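Observations on chain architecture
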Amino acid sequence: MKLFEDKFELFFNDLTLHQFKEECLSKSLKALQVKNGNIPKWNESIDELESYSKGELGLNEPYISIQDIGSSSENIELSLRKLLPWRKGPFLLNDLVLESEWLGDLKWQRLNKKIRPLKNKRVLDIGAGNGYFSLRMALEGAKKVLGIEPFMLFNYQFAAIETLSKNTSNTILLPLRLEELPSMPVFESVFSMGVLYHQRDHMKHLLMLKKMMATDSELILETLIVDGPRDFTIEPEGRYANMRNVYCLPSTDTLKSWLIDAGFNDIKLIDVTQTSTHEQSKTSWIGYNPASLEDFLDPSDSNLTVEGYPAPKRAIFICGN
Ligand SMILES: C[S@@+](CC[C@H](N)C(=O)[O-])C[C@H]1O[C@@H](n2cnc3c(N)ncnc32)[C@H](O)[C@@H]1O
């Protein structure tokens, strides 16, 4: 089973991107060498999906939809359930509704009309998960979308979606961390969504984002924030809303000062939304013993997490470099 190798040449066959091809390929191939006991099951899933004729990728909001796949919905479902949990989506595959934990369309609607048009742009999607948003970017007419995501299951989920669809050649997902990407200052739109709070060193992340941006390009930064004045942050001890590795939650004014310190300009806060249990919910696609946001909030006060921190709230900033 080949995750990205078959389309690598075609994707990097681009006047600007080709200079980074070899380094991206060698690092991605190295990342594939990880040992994971689930890989035989995940390969089986993709092998099954490969035997069906491909369908047409499109948008049927809130779903990314693939229609006219040459198989029954029952068969597609059996194969895709080998890749649980499906956190990001939702997808509509023939008439199979894949209700992921997150209703990704809600986040997309918050930013879609406020960012610069993606048409004909080279786009970088950092921490892309299974590529739901990378595909939304491609469906907006982006020239190339490079998603990077170190978690191997999500790379398999992306491979499953692309195995089922004909028209995904301008989008690729590589199993890389931002720190592993060569410095490629060629992207006209750079997305970092849901990634900053997972970084031990938030300034390092912001500075690395900047190094990926072409002249006169746009950063779209979405991350968890807390209410409070400038310089206020919360550094959770242990878990935050049951999540591990959440290092630092800034107020929006603190985050703005970080962006200024990192050298960004024309900084605009375009959205602040507290995550609802409608947007992030238990569905049958996240496994057989599901738990989601509703289980991670204080049962007596939904504005607090079970650990006693403010409930998850996310901000979206856009800025120039
Ligand atoms: C909360 S998910 C967000 C997924 C998607 N971007 C979204 O907005 O829904 C964060 C993802 O970032 C990935 N990630 C964390 N640190 C990263 C890094 N340094 N470089 C690239 N991806 C990273 C994680 O593996 C995880 O899948």
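Right above here is the structure, for reference.
Residues numbered from 1 in each chain as written. Predicted model: local features only at pLDDT ≥ 70, side-chain atom pairs only at ≥ 80, totals over all residues. Heavy atoms only, no water.

Comments concerning the overall build of the chain
When helices and strands are counted, the chain shows ten helices and 15 strands. For 321 residues, the compact-globule estimate of 2.2 N^0.38 gives 20 Å, and the C-alpha radius of gyration of the chain, at 19 Å, lies within 12% of that figure. Seen along its three principal axes, the alpha-carbon backbone of the chain occupies a region of about 55 × 50 × 40 Å. Classification of the 321 residues of the chain by burial places 56% in the buried group. Across the chain, contacts joining residues at least 24 apart in sequence account for 71% of those joining residues at least 6 apart. Total accessible area on the chain stands at roughly 14,000 Å², and carbon and sulfur atoms take up 48% of it. Taken as two groups, the 37 positive and 44 negative side-chain charges of the chain have centres that lie 4 Å from each other. (Helix = DSSP H or I, 4+ residues; strand = E, 2+ residues; numbered from the N terminus. Rg over C-alpha atoms; globule rule 2.2 N^0.38 Å. Buried < 20%, exposed > 50% of the residue type's maximum accessible area, 1.4 Å probe, protein only. Contact = heavy atoms within 4.5 Å. Areas by Shrake-Rupley, 256 points an atom, 1.4 Å probe, with all protein chains shown as cover. Lys, Arg positive; Asp, Glu negative; His and termini not counted. Charge placed at Lys NZ, Arg CZ, Asp CG, Glu CD.)

Thoughts on the sheet that holds strand β4 (residues 96-98)
Taken in spatial order, the four strands line up as β1-β2-β3-β4 in an open sheet, and their pairing is mixed. Only two strands of the sheet have a single partner each, and these edge strands are β1 (56-60) and β4. Along the sheet, successive strands turn relative to each other by an average axial angle of 25 degrees, direction set aside. For strand β2 (residues 63-67) and strand β3 (residues 91-93), the ladder comprises three bridges, and the chain directions are parallel. Within β3, the residue paired with Ser-65 across the bridge is Leu-92. (Pairing = 2+ DSSP bridges. Axes fitted to C-alpha atoms, helices over the stretch in contact; angles between N-to-C directions.)

Focus on the pairing of strand β7 (residues 171-174)
One face of the sheet, then the other: side chains in a regular strand alternate in exactly this way. Side chains Thr-171 and Leu-173 project from β7 onto one buried face, and the interleaved Ile-172 and Leu-174 project onto a second face that is buried too. Alignment of strand β6 (residues 144-148) against β7, held across four bridges, turns out to be parallel. By the bridge assignment, Gly-147 is partnered in β7 with Leu-173. Considered for its hand, the β-α-β crossover made up of β6, helix α7 (residues 152-164) and β7 is right-handed. (Right-handed = clockwise from strand over helix to strand, strands pointing away.)

What about the site of the ligand?
Lining the immediate environment of the ligand, one finds 16 residues, of which Lys-107, Gly-127, Glu-149, Glu-179 and Met-193 sit closest. Between the ligand and Gly-127 there is a distance of 2.7 Å, counted from a nitrogen atom to a backbone nitrogen or oxygen. Protein burial of the ligand: of its 600 Å² of free accessible surface, 88% is covered by the chains. Placement of the ligand is best described as lying within the largest pocket. Taken together, the residues that form the shell around the ligand break down as eight nonpolar, three polar and five charged. (Near = heavy atom within 4 Å. Polar contact = N/O pair within 3.5 Å; in protein donor to acceptor, adjacent residues only side chain to side chain. 1 Å grid on protein atoms, 1.4 Å probe; cavity = no way out; pocket = protein on both sides within 12 Å on 5 of 7 lines; lining within 4 Å. Sits in = over half its atoms within 2 Å of the grid points. Nonpolar A, V, L, I, M, F, W, Y, C, P; charged D, E, K, R; others polar.)

Observations regarding the sheet that holds strand β15 (residues 313-320)
Sheet strands pair by backbone hydrogen bonding; their relative direction is either parallel or antiparallel. With mixed pairing, the seven strands of this open sheet are ordered in space as β7-β6-β5-β8-β9-β15-β12. Whereas interior strands pair on both sides, the edge strands pair on one side only; in this sheet they are β7 and β12 (265-274). Neighbour-to-neighbour, the strand axes of this sheet turn through a mean angle of 15 degrees, independent of strand direction.

Observations regarding the side chain of Thr-254
Considering the arrangement of structural elements, one finds Thr-254 in helix α9 (residues 252-261). Of note is the side chain of Thr-254, whose polar atom sits 2.7 Å from the side chain of Ser-251. With residues up to four places along the chain from it excluded, the contact list for Thr-254 reads Pro-229, Arg-230, Asp-231, Phe-232 and Thr-233.

Considering the pattern of salt bridges
For side chains of opposite charge, pairing can occur when their charged atoms come near one another. This model, assessed by the stated rule, comprises 21 salt bridges. For Asp-266, the salt bridge identified is with Lys-268, shortest N-O distance 3.6 Å. Among the ionic contacts, a cluster of salt bridges with common partners joins Glu-44, Glu-48 and Lys-82. (Salt bridge = Lys/Arg side-chain N within 4 Å of Asp/Glu carboxyl O.)

A closer look at helix α3 (residues 39-50)
An ideal rise of 1.5 Å per residue puts 16 Å on twelve residues; α3 measures up with 16 Å between its terminal C-alpha atoms. Summarising the contacts, the buried residues of α3 are in contact with α4 (73-80) and α7. (Expected span 1.5 Å × (residues − 1).)

Considering the packing of helix α5 (residues 104-112) against helix α6 (residues 132-139)
Any two packed helices are characterised by how steeply their axes cross, that is the angle between the axes, and by the distance between the axes. For the pair α5 and α6, interaxial distance at closest approach is 11 Å and the crossing angle is 45 degrees. Here α6 runs oblique to α5, going by the angle between their axes. Crossing geometry of α5 relative to α6 is assigned as right-handed. Across the interface between the two elements, Gly-104, Asp-105, Lys-107, Trp-108 and Gln-109 of α5 pack against Tyr-132, Phe-133, Arg-136 and Met-137 of α6. A breakdown of the residues in the contact of α5 with α6 according to their chemical character gives four nonpolar, two polar and three charged. (Parallel < 35°, antiparallel > 145°, perpendicular 65-115°, else oblique. Left-handed = near helix turned anticlockwise from the far one by under 90°.)

Comments concerning the packing of helix α8 (residues 202-211) against α9
For the pair α8 and α9, the least separation of the axes is 10 Å and the interaxial angle reads 50 degrees. Taken together, α8 and α9 sit at an angle that is classed as oblique. Helix-helix and strand crossings are classified by hand; for α8 and α9 the assignment is right-handed. Residues His-202, Met-203 and Leu-206 of α8 form the contact with α9, whose participating residues are Trp-258, Leu-259 and Asp-261. Partitioned by chemical class, the residues of the contact of α8 with α9 number four nonpolar, one polar and one charged.

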